[in-house]
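Residue-level listing of the chains:
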Amino acid sequence: PRGLYGSGHDPQPAPPILFPSLQVLHLAYNDISTLVPLQLGKIPTLRALFLQGNEISRVEGLEGLAGLAELVLDRNKIKALQESSLASLHSLKELHMEENRLRDLSHFSPLLALERLYLGMNRVQEYGELEKLSSLPQLLELSVISNPVSRRGQHRVLCVFRLPSLVLLDGVPVSAEERQAAELSFSEPQEPECATETALPGLASPAHLKVMNVPFGSTPSSHVAPPPAQRRRQLEARTAHLQQLQALHERRRGRR
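Quick look at the structure, then. This structure is a prediction, so every number in the text was calculated from the model and none was measured.

Calculation rules
- Residues numbered from 1 in each chain as written.
- Predicted model: local features only at pLDDT ≥ 70, side-chain atom pairs only at ≥ 80, totals over all residues.
- Heavy atoms only, no water.
- Helix = DSSP H or I, 4+ residues; strand = E, 2+ residues; numbered from the N terminus.
- Buried < 20%, exposed > 50% of the residue type's maximum accessible area, 1.4 Å probe, protein only.
- Contact = heavy atoms within 4.5 Å.
- Areas by Shrake-Rupley, 256 points an atom, 1.4 Å probe, with all protein chains shown as cover.
- Pairing = 2+ DSSP bridges.
- Salt bridge = Lys/Arg side-chain N within 4 Å of Asp/Glu carboxyl O.
- Core = buried A, V, L, I, M, F, W, Y, C linked by side-chain atoms within 4.5 Å.
- Lys, Arg positive; Asp, Glu negative; His and termini not counted.
- Phe/Tyr/Trp six-rings, centres within 6.5 Å; stacked < 30°, edge-to-face > 60°.
- Lys NZ or Arg CZ within 6 Å of the ring centre and 35° of its normal.

### Looking at the overall build of the chain
Thinking step 1. A count of helical and extended segments in the chain gives five helices and 10 strands.
Thinking step 2. Counting every position in the chain, which comprises 256 residues, the buried fraction comes to 32%.
Thinking step 3. In the chain, of all internal contacts separated by at least 6 residues, the share reaching a separation of at least 24 is 43%.
Thinking step 4. When the accessible area of the chain is evaluated, it comes to approximately 15500 Å², of which 54% is carbon and sulfur surface.

Take a look at the structure:
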């Protein structure tokens, strides 16, 4: 029929659905180098796809797998994702990409439902790449173990701060104390208030003084905002000191 070949004005038929009830597909260790010929989009019922141990260098051909929940791409040759690589995987909850050649962590942002991401034993070096994962609002578990960046000392604090939903990092639970410490580490210090001229109340001939709102023992150039409890104690001590000065001045006036 003419419609089959697209001649005339007849619409082309929709591609047939392969394996209409297939939900789990194992294609590991098959020397697969490209996904496009597999026509995986013709299996829209897929929920889990296992492709570990192949020769894949480019993630493509996953369009049409809107219901996919788990994707395993460990031990391939992937260096980076393209903008369209994961664009249609809106239901993906678990992604394995360990033992690849990843340096760039761009283009994970379409995975708004992702809860577990495994990126161990890749080549990620920069903290900036980890910050790109902050676009994953549901992420509960992350592994970046055995990447160069994980040996730099601060990657854990950064991940805990940037990923507020995270409960497990590199196999270690994230505690409430650790999250609080991470938030304090990345909180911006308050700017010291400008010097102002004022006078102590109650003095007979008040001399103008410059008052700087900085912690005791610090200078404006080295000021770092103290914790709220410490700052409150400092303000209370300063207030008490001023009250003592004023009381002393009033007693001297009374003697006169």
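Further notes follow.
### Looking at the sheet that holds strand S3 (residues 70-72)
Thinking step 1. The eight strands are arranged S1-S2-S3-S4-S5-S6-S7-S8 in an open sheet whose pairing can be described as mixed. Edge strands, defined here as strands with exactly one partner in the open sheet, are strand S1 (24-26) and strand S8 (172-173).
Thinking step 2. When strand S5 (residues 116-118) meets strand S6 (residues 141-143), the two strands line up parallel, connected through three bridges. Bridging from a neighbouring strand, Leu117 pairs with Leu142 of S6.

### Focus on the environment of Gly64
Thinking step 1. Along the chain, Gly64 falls in the loop between strand S2 (48-50) and S3.
Thinking step 2. When its relative accessible area of 41% is taken as the criterion, Gly64 is described as partly exposed.
Thinking step 3. Taking the C-alpha atoms as reference points, Gly64 and Ile43, 21 residues apart in sequence, are found 7.9 Å from one another.
Thinking step 4. What Gly64 contacts, discounting residues up to four positions off in sequence, is Gly41, Pro44 and Ser88.

### Side note on unusual backbone geometry
Thinking step 1. The phi angle at Glu99 is positive, at roughly 55°, despite the residue not being glycine.
Thinking step 2. With respect to the element layout, Glu99 can be found in the loop between strand S4 (94-96) and S5.
Thinking step 3. If you check the backbone angles, Met121 has positive phi at about 60° while not being a glycine.
Thinking step 4. Note that Met121 resides in the loop between S5 and helix H2 (127-131).

### Some words on helix H3 (residues 155-162)
Thinking step 1. Those residues of H3 lying buried are His155, Arg156, Leu158, Cys159 and Val160.
Thinking step 2. Each element contacted by the buried residues of H3 is listed here: H2, S6, strand S7 (168-169), S8 and helix H4 (176-186).

### Topic: the pattern of salt bridges
Thinking step 1. As enumerated under the stated definition, the model contains 11 salt bridges in all.
Thinking step 2. With a closest N to O distance of 3.0 Å, Asp104 and Lys132 form a salt bridge. One end of the pair, Asp104, is in the loop between S4 and S5; the other, Lys132, is in the loop between H2 and S6, with 28 residues separating them in the sequence.
Thinking step 3. With relative accessibility at 29%, the residue Asp104 sits in the partly exposed group.
Thinking step 4. Taken together, the shared-partner salt bridges connect Lys93, Glu94, Glu115 and Arg116 into one network.

### Section: the nonpolar core
Buried together is how nonpolar side chains tend to be arranged in soluble globular proteins.
Thinking step 1. With 46 residues, the main nonpolar core has Leu49, Leu71, Leu95, Phe108, Leu117, Leu119 and Leu142 as its most contacted residues.
Thinking step 2. For this core, the element with the highest residue contribution is H3, accounting for three residues.
Thinking step 3. Among all residues touching Phe108, those that are not within four sequence positions of it are Leu81, Leu86, Leu95, Met97, Leu117, Leu119, Leu133 and Leu136.

### A short note on the side chain of Glu98
Thinking step 1. Relative to the assigned elements, Glu98 resides in the loop between S4 and S5.
Thinking step 2. Buried charged residue Glu98 carries no salt bridge. Nearest counter-charge: Arg75, at 6.1 Å.
Thinking step 3. Excluding residues within four positions of it along the chain, Glu98 makes contact with Leu73, Asp74, Arg75, Tyr118, Leu119, Gly120, Met121, Asn122 and Ser143.

### Details of the packing of aromatic side chains
Thinking step 1. A complete count under the given rule lists one aromatic pair for this structure.
Thinking step 2. Here the aromatic rings of Phe161 and Phe186 are separated by 4.8 Å at their centres, their planes lie at 10°, and the arrangement is stacked. In this pair, Phe161 is assigned in helix H3 and Phe186 in helix H4, connecting sequence segments 25 residues apart.
Thinking step 3. You can call Phe161 partly exposed: its relative accessible area is 26%.
Thinking step 4. One residue, Arg152, lies across the ring of Tyr127, its end atom 4.2 Å from the ring centre.

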